[in-house]
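Summary of the model geometry
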Amino acid sequence: MEQPEDIQKYLYQMHGILQAALPDVQERISWSMPTYWNQHNIVHFAGFKKHIGFYPGPQAIEMFEERLKEYKTSKGAIQFPYNKPLPAELITEIAKWCNDTGNHA
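Here we summarise the structure given alongside this text. Here the structure is a predicted model, which is why all the values come from computation and not from measurement. (Residues numbered from 1 in each chain as written. Predicted model: local features only at pLDDT ≥ 70, side-chain atom pairs only at ≥ 80, totals over all residues. Heavy atoms only, no water.)

With respect to the pairing of strand β4 (residues 51-55)
So the rule is basically this: Here the term buried applies to any residue with accessible area under 20% of the maximum for its type, exposed to any over 50%, and partly exposed to those in between, with areas from a 1.4 Å probe on protein chains only. Counting from the N terminus, the helices are the DSSP runs of H or I reaching at least four residues and the strands are the DSSP runs of E reaching at least two. Two strands pair under a simple rule: DSSP has to find at least two bridges between them.
Extensive coverage of β4 is indicated by the burial of four of its five residues. For strand β3 (residues 41-47) and β4, the ladder comprises four bridges, and the chain directions are antiparallel. In the strand pairing of β4, H44 is matched with Y55. Between the end of β3 and the start of β4, which pair antiparallel, lie three residues. Summarising the sheet, β4 and strand β6 (residues 77-81) pair through four bridges and their orientation is antiparallel. Bridge pairing links I52 to F80 in β6.

Listed below in structure tokens is the structure:
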């Protein structure tokens, strides 16, 4: 199902952030979500009604806990609401950390 235009801009922005952060990995679709892969799934994301769900896994949530306090997190997922700018630097750091350490969704 195609997302509304205002949500699409956030999804394209998230895609661009992850492409820049992980230029040498493959992009796939897993569980109907864009997935970044390098010998294993690294991170996924999906658009929802009020937020983007970003799935770096539970170890990443724990590692970046202090910087994620303003976002809802649960079971390896982070919710980035559409009414706030995407934290590009934080997303980049999390994606790179997941790829570099092998901790992943």
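A word on the packing of helix α1 (residues 5-21) against helix α3 (residues 88-101)
Relative orientation and spacing of two packed helices are given, respectively, by the angle between their axes and the distance between those axes. Counted only if it meets this: Axis lines are fitted to C-alpha atoms, over the contacting stretch for helices. Their N-to-C directions set the angle, which ranges from 0 to 180 degrees. When describing relative orientation, an angle under 35 degrees is termed roughly parallel and one over 145 degrees roughly antiparallel, while 65 to 115 degrees is termed roughly perpendicular and anything else oblique. Take the far helix as the reference: if the near one is turned anticlockwise from it by less than a right angle, the crossing is left-handed, and if turned clockwise, right-handed. Two residues qualify as a contact provided that any one of their heavy atoms is within 4.5 Å of a heavy atom in the partner residue. Note on residue categories: nonpolar means Ala, Val, Leu, Ile, Met, Phe, Trp, Tyr, Cys or Pro, charged means Asp, Glu, Lys or Arg, and polar means any other residue, Gly included.
At a minimum axis separation of 9 Å, α1 and α3 run at an interaxial angle of 45°. Relative to α3, the element α1 is oriented oblique. The two elements α1 and α3 cross, and the hand of that crossing is right-handed. On the side of α1, the interface is formed by M14, I17, L18 and A21, while α3 contributes A88, I91, T92, A95 and K96. When grouped by side-chain class, the residues that make up the contact of α1 with α3 number seven nonpolar, one polar and one charged.

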